[in-house]
Amino acid sequence: EKGVVQYSGLQGDRVFAFVDEAKKGDFPWLTARQFKQLILYRPSWIRPDKLNVSYPNTNNFEVTVTTPAGLTYGINSAELLEELEKVSERKLYLRFSESGMQDARPISLISQQTLQHIQAQSDISMNSQQFRMNFYVNWINGNAFYEEKLIGKKIKIGERVVLEINKKDQRC
């Protein structure tokens, strides 16, 4: 697949979020930490015609969300908002930000080896998508948690993307 990496991360990543009106502070988002069923909702981003839009707006992105019941709604539909408010028992509104609303850094990655190690140690079946990373890598050396040894270093992905690994993602 193709994607565009910009100053704010992957184009289109986390540009929409549902805000819990009752939450105060700098992290008001509705997340699976508070509402576990949220991971059962499946967003689908439909690429805009122009992949390299420097300053995206809501007109550049068409996102649909498929509910656990199999119904599909536009991200900004009244029906989706109504359902999420009902099942989460929260008053919500949809927010858009062209720079994304990441909770750690604009780009996140984890290795398949780390995921396998966590699963083996926890004896819990996991889906890698639960971690919501941008990149899932397979290290040649095969070492779990190798990504932690890369903090302060740069890695190259493909021909043009160079990422500096700044810190460990605390979610993981």
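The sections below set out a description of the structure shown in this document. As the structure is a prediction and not an experimental result, all values here were calculated from the model. (Residues numbered from 1 in each chain as written. Predicted model: local features only at pLDDT ≥ 70, side-chain atom pairs only at ≥ 80, totals over all residues. Heavy atoms only, no water.)

## Observations regarding helix H1 (residues 78–88)
So, step 1. Within H1 the residues assigned to the buried category are Leu80, Glu83, Leu84, Glu85 and Ser88.
So, step 2. Those residues of H1 that are buried lie in contact with strand E3 (16–20), strand E5 (62–66), strand E6 (72–74) and strand E7 (92–96).
So, step 3. Backbone geometry just after H1 places glutamate 89 at a positive phi near 55°. (Buried < 20%, exposed > 50% of the residue type's maximum accessible area, 1.4 Å probe, protein only. Helix = DSSP H or I, 4+ residues; strand = E, 2+ residues; numbered from the N terminus. Contact = heavy atoms within 4.5 Å.)

## A few points about the sheet that holds E5
So, step 1. Taken together, three strands build an open sheet; the order of strands is E4-E5-E6 and the sheet is antiparallel. Either end of the sheet is taken by a strand with one partner, and the two such strands are strand E4 (42–46) and E6. Averaged over all pairs of adjacent strands, the angle between strand axes in this sheet comes to 25°, irrespective of strand direction.
So, step 2. Pairing of E4 with E5 involves five bridges; the strand directions are antiparallel. Considered in E5, the bridge of isoleucine 46 is made with glutamate 62. (Pairing = 2+ DSSP bridges. Axes fitted to C-alpha atoms, helices over the stretch in contact; angles between N-to-C directions.)

## A short note on the packing of aromatic side chains
So, step 1. Scanning all chains against the criterion turns up three aromatic pairs.
So, step 2. Measuring from ring centre to ring centre gives 6.5 Å for phenylalanine 27 and tryptophan 29, while their planes differ by 70°; the resulting arrangement is edge-to-face. (Phe/Tyr/Trp six-rings, centres within 6.5 Å; stacked < 30°, edge-to-face > 60°.)

## Some points on the side chain of aspartate 20
So, step 1. With respect to the helices and strands, aspartate 20 occurs in strand E3.
So, step 2. Leave out the neighbours within four places in its chain, and aspartate 20 touches Pro28, Leu30, Arg90, Lys91 and Leu92.

## A look at the environment of glycine 9
So, step 1. Locating glycine 9 in the fold gives a position in strand E2 (residues 9–10).
So, step 2. The class for glycine 9 is buried, based on a relative accessible area of 0%.
So, step 3. Dropping the residues within four chain positions of it, glycine 9 is found in contact with Val4, Pro106 and Ile107.

## A look at the environment of lysine 168
So, step 1. Tracing the backbone shows lysine 168 in the segment after strand E11 (161–164).
So, step 2. Using a relative accessible area of 35% as the deciding quantity, one classes lysine 168 as partly exposed.
So, step 3. Once the C-alpha coordinates of lysine 168 and arginine 105 are considered, the two residues, 63 residues apart in sequence, prove to be 9.5 Å apart.
So, step 4. With residues near it in sequence (within four places) discarded, lysine 168 still touches Glu148 and Ile151.

## Things to note about the pattern of salt bridges
So, step 1. All told, the structure shown has three salt bridges when counted by the stated rule.
So, step 2. Two residues, aspartate 20 and arginine 90, come together in a salt bridge whose shortest N-O distance is 3.1 Å. A residue pair is termed long-range when its members are at least 10 positions apart, and aspartate 20 in strand E3 and arginine 90 in the loop between H1 and E7 qualify at 70 residues.
So, step 3. Take aspartate 20: its relative accessible area is 5%, and that puts it in the buried class.
So, step 4. With its nearest N and O atoms 3.6 Å apart, the salt bridge here joins glutamate 85 to lysine 91.
So, step 5. Owing to a relative accessible area of 18%, glutamate 85 belongs among the buried residues under this scheme. (Salt bridge = Lys/Arg side-chain N within 4 Å of Asp/Glu carboxyl O.)

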